[in-house]
Amino acid sequence: MKIKAAFYSCCILMLIVIQTTFPEYAKIFGVKPNLILVFTICAALLDGSTVGAIIGGGAGLAMDLLSGKLIGLTALLGMYAGVVTGLANKRIFRNNIFVLLISVFATSVFYEGLVLFLNVFFKTGIASLTIEPLIGTILPEALYNCIVSLVIYWFVSAVVRKIELKTGIQR
Amino acid sequence: MRNLFKKKGFVLILVTVVLIMVIGIASSFKSTSGFLGSIFSVPLTPVQKFFTSVGQKVDDFISFFKDPKAIKDENEALKIIVAQLQDENRELESLRNKNEELRNALNLKKLFADYVIIGANVIAKDPGNWFDVFKVDVGSRDKVQINQPVVSSATGLVGRVLEVQLTSSKILAIIDEDSVVDGWIEKENGGSVRVSGDLSLTDSGLCNMDYIPLSVDVSVGDVIETSGLGGLYPKGIIIGTVAEIKNSDDEYGRYAIIKPAVDFKKLQEVFVLTRNEEAEGEPGEN
């Protein structure tokens, strides 16, 4: 468990650095993926809602402190993303790639939708909410997240499997 | 009580309440993350610096090979321009001395005589797609303070310091929806306006200009500068140019889209303007 925790922590640190220095040329339609959210979902699908909540909340808080604008918001949303996705692990996930993609897509849309809603709603009111950010930012980001999730999930699950085999822990 | 803490649902609610309180406190006091942020920021800043510089190098490399035909055409065009420039250069040589004088009158230091200019490199950008906050490699140890204005080398307004940590600071760009700048339409019979960021324009690197006085004849291409009102930004920093004028339902009847003087997608170096307290205290000294 300690090795796995160390592995997850290293991944989070690495992804935070990549996320905050994400280069322009890697953006698709002007949008970058949310690597931390994708990692949270992958970990939650592999290890359940508790691990998902800790990773989502912890990484979100670190992101808030590093580069975010409102301390605690990413942590809160990340934690719930981990909890909700972790529940899918319990009920339907059996290393199914479609469950992974659907989870990443749905969580990304809800997560970014909530970030947009909370910011617009509390500042300028519901009247200024338009469809443009959904089409221009949220959907491309959700698709980008899905593509990235295939790589992240493949890597994380392979390493986690090795750690579990070595330490004799079976899920 | 112990059993209560063992229940996941209770812990989840507890953490949620704590985080909501943190959000509330953080939104009231902008500098709350200063100390805590430094704990993460100080060790990560050099790593972020490294990744940003590697990213920029790869970006340059990729753009070189992106479109060879365009590069070839550009090369041909540049050859013609070089020939023209060589002619112009000889002419300009004679004007060099005069130009030097004018430059002295217009350069960055002269324009901001009351300020100490701190150069900084952009080391990290906002992790999400909604805001335009970025991090630079100067912080409280370089005497950077909250709300200090930030400009680019071309004296275009970049934004202001949002938060200061020990070795780094967060800069709120003028295209961020939270940014509001008092502007001035730089022309005869110009007027005071408000330039603010807009969520739908942030991604295209543009911002909004409203409160345009009815008496002012604003047109596309007009230069917008800081007005100096409010005391946050010194007067005369170029914000951008009017790109489009649109009709609105409010009492002013129109608003404009501004193309900032700064290209935020390519921004690598900025200058933080800090008030020169020594010069203010001792007027005789420079």
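Look up a bit, the structure's there.
The text that follows walks through the structure, step by step, so that each part is easy to find. A quick note: this is a predicted structure, and the numbers were derived from the prediction, not measured.

## Observations regarding the overall build of chain B
Helix and strand counts for chain B come out as eight helices and 12 strands. Looking at chain B as a whole, 33% of its 286 residues are labelled buried. Looking at chain B alone, contacts between residues at least 24 apart form 57% of all its contacts between residues at least 6 apart.

## Examining the sheet that holds strand β9 (residues 223-226) of chain B
Residues and elements named next belong to chain B. Taking strand neighbours around the barrel as the criterion, the six strands line up as β6-β7-β8-β11-β10-β9 in a closed arrangement whose pairing is antiparallel. For this sheet the average axis-to-axis angle between neighbouring strands, irrespective of direction, equals 40°. Here strand β7 (residues 192-196) pairs with strand β8 (residues 207-210) via three bridges, running antiparallel. Bridge pairing in β8 links Arg 194 to Asp 210.

## As for the packing of helix α2 (residues 35-47) of chain A against helix α3 (residues 49-66) of chain A
Residue and element names in this part refer to chain A. At their nearest, the axes of α2 and α3 sit 7 Å apart, and the two run at 160° to each other. In terms of axis orientation, α2 runs roughly antiparallel to α3. Relative to α3, α2 is oriented so that their crossing is right-handed. Here α2 contributes Ile 36, Thr 40, Ala 43, Ala 44 and Asp 47 to the contact with α3, which in turn contributes Ser 49, Val 51, Gly 52, Ile 55, Gly 56, Ala 59 and Met 63. Residues belonging to the contact of α2 with α3 are distributed by class as follows: seven nonpolar, four polar and one charged.

## Comments concerning the interface of chain A and chain B
Tallying the contact residues gives 40 residues for chain A and 39 residues for chain B. A per-element tally of the side of chain A that touches chain B places α3(A) first, with seven residues. Classifying every residue of the side of chain A that touches chain B gives 22 nonpolar, 13 polar and five charged.

## Points about the nonpolar core
In this structure, A:Phe39, A:Cys42 and A:Ala43 are the most contacted members of the largest nonpolar core, which totals 49 residues. Broken down by secondary-structure element, the contributors of at least two residues to this core are α1 (2-20), α2, α3, α4 (73-91), α5 (97-124) and α6 (132-167) of chain A together with α2 (8-28) of chain B. Broken down by element, the residue count for this core peaks at 11 residues, all from α2(A). When residues no more than four places from it in sequence are discounted, the contact partners of A:Ala43 are A:Tyr8, A:Val51, A:Gly52, A:Ile55 and A:Val156. Core analysis: the next-biggest nonpolar cluster, separate from the first, contains 48 residues, B:Val150, B:Ile175, B:Val218 and B:Ile224 among them.

## Digging into the sheet that holds strand β2 (residues 133-136) of chain B
The antiparallel closed barrel is built from six strands, whose spatial order is β1-β2-β5-β4-β3-β12 (chain B). Recorded for the sheet is a direction-independent mean angle of 45° between the axes of neighbouring strands.

## Some details on the environment of B:Ile117
Take B:Ile117: it is sitting in strand β1 (residues 115-125). With 157 residues separating them in the primary sequence, B:Ile117 and B:Thr274 have C-alpha atoms 6.4 Å apart.

## Considering unusual backbone geometry
All names here are of chain B. Residues other than glycine seldom take positive phi values, yet Lys 143 does so here, at roughly 70°. Inspection of the secondary structure assignment puts Lys 143 in the loop between β2 and β3 (149-151). The exposure class assigned to Lys 143 is partly exposed, which follows from the 15 C-beta atoms found within 10 Å. One non-glycine residue, Tyr 211, lies in the positive phi region at around 55°. Summarising the element assignment, Tyr 211 is placed in the loop between β8 and β9. Judged by the 16 C-beta atoms lying within 10 Å of it, Tyr 211 falls in the partly exposed class.

Cut-offs applied
Residues numbered from 1 in each chain as written. Chains lettered and ligands numbered in written order. Predicted model: local features only at pLDDT ≥ 70, side-chain atom pairs only at ≥ 80, totals over all residues. Helix = DSSP H or I, 4+ residues; strand = E, 2+ residues; numbered from the N terminus. Buried ≥ 20, exposed ≤ 12 C-beta atoms within 10 Å, placed from the backbone. Contact = placed C-beta atoms within 7 Å. Pairing = 2+ DSSP bridges. Axes fitted to C-alpha atoms, helices over the stretch in contact; angles between N-to-C directions. Parallel < 35°, antiparallel > 145°, perpendicular 65-115°, else oblique. Left-handed = near helix turned anticlockwise from the far one by under 90°. Nonpolar A, V, L, I, M, F, W, Y, C, P; charged D, E, K, R; others polar. Core = buried A, V, L, I, M, F, W, Y, C linked by C-beta atoms within 7 Å.

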